[in-house]
Amino acid sequence: MAEEKVRLLLCKDCKSIEEIPDHDGTPREDFLLENRVSQHTYPDGNRHFGQLMVISKKHWDNAEYKTEIVKKINEKMENGGSEGLGTDFYNLKASFQDDAMTCWRKHQRTLDCGDLRSSKVRLTPGTNTERKAAGLPKYRSAKDRYLCDFCPVMNRVRADHFDKAAPKESR
């Protein structure tokens, strides 16, 4: 079994690190990365300058290693990656998890979520304008991901949802 990985999106303009799940498909199908990258733009539409790193998930999940990884990133940036950046250059974000927690709070921490895997919470790349200009339909993929996938109570919500939707057995 292959070692599980996690990707880190470093944005030099926002001064942030965002954790993104690994992707094993083609770059065209990597809509989680495209979704995050599309949020790093200037008002004129140009994208921020960034970098993508892939590291071992077991190391990233270890708090001590994570601190050292961020420290090393800061050192590299300070010593040649860029000019005059302090040791607090990067703010660490788990954007999808943070967004899922905000959504869960918005729904009053329910286990009966009405938005479960709805189009409102589908994660798509920010390419609507380009797709429309090219005459293409709205983005859809067989591998769609939803904000729900990052919700801390997703397993419970999913179980409750499917328990309600499952046909009842007659006795």
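That block above? That's the structure.
About the cut-offs
Residues numbered from 1 in each chain as written. Predicted model: local features only at pLDDT ≥ 70, side-chain atom pairs only at ≥ 80, totals over all residues. Heavy atoms only, no water. Helix = DSSP H or I, 4+ residues; strand = E, 2+ residues; numbered from the N terminus. Buried < 20%, exposed > 50% of the residue type's maximum accessible area, 1.4 Å probe, protein only. Phe/Tyr/Trp six-rings, centres within 6.5 Å; stacked < 30°, edge-to-face > 60°. Lys NZ or Arg CZ within 6 Å of the ring centre and 35° of its normal.

The subject of this paragraph is unusual backbone geometry. With phi around 60 degrees, K15 is a residue other than glycine that occupies positive phi space. For K15, the location among the structural elements is in the loop between strand 1 (5–11) and strand 2 (16–21). At R117, a position not held by glycine, the phi torsion is positive, near 50 degrees. Relative to the helices and strands, R117 resides in the loop between helix 4 (95–106) and strand 5 (122–123). Given a relative accessible area of 37%, R117 falls into the partly exposed group.

Turning our attention to the packing of aromatic side chains. Following the criterion strictly, the structure yields 2 aromatic pairs and no others. Taking the centre distance of 5.8 Å and the plane angle of 55 degrees together, the rings of F31 and Y139 count as tilted. Residue F31 is found in helix 1 (residues 31–37), and its partner Y139 is found in the loop between helix 5 (128–133) and strand 6 (145–146); the two are separated by 108 residues along the sequence. Per residue, the accessibility class of F31 equals that of Y139, and both read buried. Ring centres of F96 and F150 lie 4.8 Å apart, and the angle between their planes is 15 degrees; on these two criteria the pair is classed as stacked. In this pair, F96 is assigned in helix 4 and F150 in the loop between strand 6 and helix 6 (154–165), connecting sequence segments 54 residues apart. Like F150, F96 is buried. Taking the ring centre of F96 as reference, the NZ or CZ of R36 above it sits at 4.2 Å.

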